[in-house]
Structure formats: C-alpha cells, structure tokens
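Listed here are the chains, written in short residue letters.
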Amino acid sequence: MKDVTLKHRRAGFALDAEFDLHGARVTALFGPSGAGKSTIIAAIAGLLRPDRGRITIAGETVFDSQSGISVPPRARRIGVMFQDLRLFPHLSVEANLFYGWRRAASRPPRETADEVVELLGLSQLLKRKPQVLSGGERSRVALGRALLMGPRALLLDEPLASLDAARKAEILPYLERIVRETRIPMLYVSHALDEIARLADHIVLLNHGRVVAEGPVFDVTSRLDLFAGTQLIPGTVLPASVLRHDEALGLSEIVAGGEVLVVPRVAQSPGGEIRIRIDAEDIMLSLSRLDAVSANNVLPAFIADIRESGAHADVQLQVAGARLVARITRRSLQRLGLSPGQPVFAVIKSVTVGGREG
Amino acid sequence: MGGILTAAEWQALLLSLRVALAAVVFDLPFAFAAALLLARCRFPGKWLVDGFIHLPLVLPPVALGYLLLISLGTRAPLGAFLLANFGIRFVFSWTGAALASAILTFPFQVRAIRLSLESQEAGLSEAAGTLGAGPLDRLFTLHLPLAAPGILAGVITAFAACLGEFGAIITFVSNIPGETRTIPLAIYTAIQSPGGETAAARLAAISILLALAGLVLADTAGRRARASIGR
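Since the structure is predicted, the reported quantities are computational estimates derived from the model, not experimental observations.

Along its length, chain A carries ten helices and 21 strands. Compactness check: chain A gives a C-alpha radius of gyration of 22 Å against a globular reference of 21 Å for 358 residues, within 12% of the reference. Dimensions along the principal axes, computed over C-alpha positions, put chain A at roughly 65 × 50 × 35 Å. With 358 residues in all, chain A has 53% of them scored as buried. In the form shown here, chain A has an accessible surface area of approximately 15,200 Å², with 49% of it arising from carbon and sulfur atoms. Charge separation in chain A, taken as the distance between the mean sites of 45 positive and 39 negative side-chain charges, equals 6 Å.

Here is the structure:
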C-alpha cells in the first residue's frame, strides 16, 4: 500500500490520488493550479478530513478512514510552510520561530535550533515583528518555524509562489541548504519546474485530482506524455559532474548524459556533482551540424518520440546516455519533415545549472 | 481638593470614573466569553442568546433600574440573601450604580470583541495547530492577543457609555451625594435647584471634556493596539 492514499469529493472537484513519500527525500507534488496539490497538503497536515484514505508519515499512520484513525494536527508533528506563510503578527520573529519548538516534546536542542536560525540568516532579526520584514525574510521565518518544531516530515506548500524572481533566487539556496543538512522527508508543492529541478528527488505529477506520473526526477522530466494535458512547459533535469574550468573565458565543462556541455563557470570544483536543467523551449533542432552558430552546445541525437498538441510539438531526443525534450512549432516539424528514429542535432541555447548535488 | 473644581464637582467626577471603571472591569471576562461563544460556536437557540445579550441596547434604562430594584432590594429574596450571606448590598450604594452600568453597557463590549474575533484569519489558528498548540493554548497565545484592539475598543466605548448612565442609576440606587450621584445625576440635581444653571453648565462642560479626553485616548490606544498586531 502507498504511503498516501486519498479520496475526497467536493462540488466540482474529485481527488483520487495515491503515492509514496520515499523516506528521507524530497518529493515534489507537481501540477497545474487546481490539480489537488493543496488539498493533499491539508489532508496530510490534518487540516482537512478526506472522505476516504490512509496517510502514513515516517512509519506512523496519522489517518486511516477504515480503522477510524485521525490524529489531530497538533499531535502529527508535521511541519507546514504555508503558501501565505501565516506568521503570527503580534509575536516577534523569535517568538514566531520558537512557537512550535516550545511546544514540541521531541524538539531539537536549543543550540541546534540557534544554528538553524543562523543558517537561515535570521539571527539579526529576532526582535522584529514579521510585518516589518521583507518578503524573503518572512519566508525564511516561516521555514524556520516549521523546522524548529522538530518535524517528522515537512510540507512546503508553494513556498516561493508569492515571491518575485529576485526573492525566489534569495530563498532557493536556503531551501537547498536545508535539504542538504537535514534528513527530514519533505513534500514540496509547486507548479514551477525550476524549483523542482533544483530540489526534488522524486516527482509526483498531478492533474485533475489524479496522479498522472510518479518517479525519480531525472526520469519523469524527460517523458512526453506527462505535460500534454497541462499548461506546464517541459524541461529535462539531468545529473552532471564538473570536468574542468576554463578560467580565461569564465566557463566550465561538465559531463551530462555522456556528453560534454559548456556552461558558465560553476562554483563546484572538478569532479563535483551538480544538477542541470534544460528547458524544452531552449533546444532548437537542426538537420545538419551547425558550426557557425553562437550556441556552445550542439549535440547529435536521435528522435525517440514526437507528441503534437496545439501549435507546438514536443520532441523527445535520445542523446548519448540521456533523453531530452525539445519544444518546437508544428510548422517547423513539418518543414523539417521530422519523424521518430531520425538523426538530428540538438542546439542547446541555454543550460541552467544549480540546485542540490546529484 | 480645590483649584478649578468645587468639592461637589470633584466628588461627582471621581464617582463617575469609579462606577464606570468597576462596571467595565466586571464586564470584561463575561463579555469575552460571550463574544467567543457567539463568534466561534454554533448551537441551537444561538439567536436567543444573541438577542438576550443585546437586550440592554433596546431596554429603557429606567425599566432596568426598576427590575434591579425589585430583585436586589434588601427586602427582595435575592437581595436579602446576598446581604445576609455575603454582606453585599447594591441599593443606595455606588456598587449598585456600577452593576446597572455594567448590565447596560455589556453589549458594547461583546459586539466589539466579537467583531475582532470574527475578523481573525482561520489560517493562523490552523498554523498554530500544526505547531502543536491545543485549543486553550491558541486562545491565550493567539485569539486573545489578536483581539486586543477589539477588546480595547469595546472597553472604551462601554466606559464612555457608563459615564452617561442616568435612568437606571437614579431608579435603582437613588441620588445620594458622594455615593450614587454621578455627573449626569449631579447635572439633573443642579437643574432642579433654583439658580443652579451655572453649576449645571460647569458639570456639562466637565462631561464634554471627559468625552473628548476619552476620544483622544481611544484613538491613541487603538492605533497602538493595532500596530502591535500588525494592522
């Protein structure tokens, strides 16, 4: 039986989902708005009682409609970082951070708690009220508050959705550090592939209240069928390792999927593991090897599969040891006469480097 | 005490303040409980409870004073019982004036506190729940402090209303200088006595100044309370 099995029906919406949480890993709950992500989070946190189902978190069943188990939220020890943060406006940053910590039976020692506060860069803000903080600082307080209660699992409900790109870039490294340095299983809800590409090990893709696909992030992102019914833009996430740096040009060579790619200088030293993301819209296809082109990365590939929808076509490419997805227009598809099995060259306009290792 | 005010004026002023303060403080815990009941609970007959709590708003104060007199007078069963067993006497005493004021201004406190409880986001309570706080815990660490502006508004409105109370006091506890003669009663007495127009005018001026001071205080305190909860 899966860790989470939920059936819930409300006017105009039916949730029927089941998936596993994979121990101490980051599982991304990914899907467009209205797919049922928030309902799942609320049910796991104990804030919504599903019609039927079973929820097992870190080995303990917190809800089971069959045997009548429903642990109240305060006894579940599941930390939640809400999309709207829900900081207590009348309490200082410090009182907010330690609200759960003070009430937790199995809380981390005070020194560890202080380290988390330090790690989140909040040590200087403890006496302030949440409403005088910046958006990014508030997000960090919400994250810290959920962490300090010593949760068995952490639910992050679109933690970056309300932030602009600059604030997002400010928070992501903190999240990555938390993922690296704690062993708390996390369920990360998002409809932004870039966040998931950087953080998640495992993806559960939801659409219309159902699990459409589930699997390791590197497998799921290169599949074509997943994104068909959604408004999401596909993009492939790949593990990579650093080969060497070219200090003169400010570049690094990395190996991903058996091919060498040139990317802007990365922080990791040679041999270091990184993660890259190549968005489907950043890959052009060419029938001949383009030498006179500004893109640094042109890879020989075979077309594995094609899926057409609307004005565009998603083309799955087999490149050495990896699969990539390219999104082109259907007009281009016809003009080039592309079909499965055909050799092409993938002109990669941009590679996003970042996120957790491996 | 001398200066600008006469001894009788001081007496009336201090008595008014004492009666209003006692009434407001006495009311507060009950008003909070009633507001919590109305804001958070659903039960059959709620409309009846709601109506009963608001009854003093529409009840003629003189009628209330009469009801209090016939139930708490020293010869009435309840009044006699309180006097014999606890030594509590309301009639012809400032405590009776405070009790009448407390009943009449109870709805003001309940309404203001109820509004501030109802405007609290349910999400905060949910968040506190996931952080391990039970219902009572949340009441004291979340709902009560967040209701502070409402409590303050209710208390100040009720206090101001107490200062103006007349009918119930004069009916229930009479018009005794130094004991039950608050400012409104003193104004009434001055008007009734020949040549008392100046005294009445002075007392009316005191009332107005008191009301103005109350408004300023309410505004400052309200702004501070709202700032403390980030509104």
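Next up on the list: the overall build of chain B. A count of helices and strands for chain B gives eleven helices and zero strands. In chain B, the succession of helices and strands from N to C terminus is α-α-α-α-α-α-α-α-α-α-α. Taking the principal axes of its C-alpha atoms as reference, chain B extends roughly 70 × 45 × 30 Å. Evaluated residue by residue, chain B yields a buried proportion of 42% over its 231 residues. Counted over contacts in chain B with a minimum sequence separation of 6, partners at least 24 positions apart contribute 70%. Entry remark: accessible area of chain B is about 11,900 Å², with carbon and sulfur atoms responsible for 71%.

With that settled, consider the pattern of salt bridges. Residues and elements named next belong to chain A. Considering all chains together, one arrives at 25 salt bridges over all chains under this definition. One salt bridge connects D51 with R10, and the closest N-O pair in it is separated by 3.6 Å. Taken together, the residues span a long stretch of sequence, with D51 in the loop between α1 (37-45) and β4 (52-57) and R10 in strand β1 (residues 4-10) at a distance of 41 residues. Judged by relative accessible area, D51 falls into the partly exposed class, the value being 38%. Among the salt bridges present, the one from D314 reaches R327, with a minimum N-O distance of 2.7 Å. One end of the pair, D314, is in strand β18 (residues 312-319); the other, R327, is in strand β19 (residues 322-329), and 13 residues separate them in sequence. The exposure classification of D314 matches that of R327, with both residues buried.

Further remarks concern the environment of Q318(A). Residues and elements named next belong to chain A. By the element assignment, Q318 lies in strand β18. For Q318, a relative accessible area of 25% corresponds to the partly exposed category. Measuring from C-alpha to C-alpha, the distance between Q318 and A346 comes to 10.0 Å, with 28 residues separating the pair along the chain. One polar contact links the side chain of Q318 to the main-chain carbonyl oxygen of A320, over a distance of 3.2 Å. Here R323 takes part through its side chain, which lies 2.6 Å from a polar atom of the side chain of Q318.

L97(A), L143(A), L148(A), L154(A), L156(A), L175(A) and I203(A) are the most contacted members of the largest nonpolar core, which totals 49 residues. If we skip the residues at most four places from it in the chain, L156(A) touches M81(A), L143(A), L175(A), M186(A), L187(A), Y188(A) and V189(A).

We now examine the interface of chain B and chain A. On the side of chain A, 19 residues touch chain B, which itself brings 22 residues to the contact. Here chain B and chain A share an interface that buries about 1,700 Å² over both sides, 64% of which is from carbon and sulfur atoms. For the interface between chain B and chain A, the tally reads two salt bridges. Between R86(A) and E126(B) there is a salt bridge, with its nearest N and O atoms 2.8 Å apart. Run the count over chain B and chain A and you get six residue pairs in polar contact (both at pLDDT 80 or more). Elements represented by at least two residues in the side of chain B that touches chain A include exactly α6 (122-130), α7 (135-146) and α11 (197-228) of chain B.

With that settled, the discussion passes to the confidence of the model for chain B. Here chain B averages 91 in pLDDT, and 99% of its residues register 70 or above. Confidence metrics for the complex model read pTM 0.81 and ipTM 0.79.

When you line up the elements, R76(A) lands in helix α2 (residues 73-76). A distance of 2.9 Å separates the side chain of R76(A) from the backbone oxygen of I44(A), its partner in a polar contact.

Before going further, it helps to spend a moment on the sheet that holds β18(A). Residue and element names in this part refer to chain A. The strand order across the open sheet formed by five strands is β16-β20-β17-β18-β19, and the pairing between neighbours is antiparallel. In this open sheet, the two strands that pair with only one neighbour each are β16 (283-286) and β19. On average, adjacent strands in this sheet sit at an angle of 45° to one another, irrespective of strand direction. The sheet contact formed by strand β17 (residues 297-309) and β18 spans seven bridges and is antiparallel. Each bridged residue has a counterpart across the sheet, and for S309 the counterpart in β18 is H312.

Cut-off values and rules
Residues numbered from 1 in each chain as written. Chains lettered and ligands numbered in written order. Predicted model: local features only at pLDDT ≥ 70, side-chain atom pairs only at ≥ 80, totals over all residues. Heavy atoms only, no water. Helix = DSSP H or I, 4+ residues; strand = E, 2+ residues; numbered from the N terminus. Rg over C-alpha atoms; globule rule 2.2 N^0.38 Å. Buried < 20%, exposed > 50% of the residue type's maximum accessible area, 1.4 Å probe, protein only. Areas by Shrake-Rupley, 256 points an atom, 1.4 Å probe, with all protein chains shown as cover. Lys, Arg positive; Asp, Glu negative; His and termini not counted. Charge placed at Lys NZ, Arg CZ, Asp CG, Glu CD. Contact = heavy atoms within 4.5 Å. Salt bridge = Lys/Arg side-chain N within 4 Å of Asp/Glu carboxyl O. Polar contact = N/O pair within 3.5 Å; in protein donor to acceptor, adjacent residues only side chain to side chain. Core = buried A, V, L, I, M, F, W, Y, C linked by side-chain atoms within 4.5 Å. Buried area = accessible area lost by both parts, 1.4 Å probe. pLDDT = per-residue confidence, 0-100. Pairing = 2+ DSSP bridges. Axes fitted to C-alpha atoms, helices over the stretch in contact; angles between N-to-C directions.

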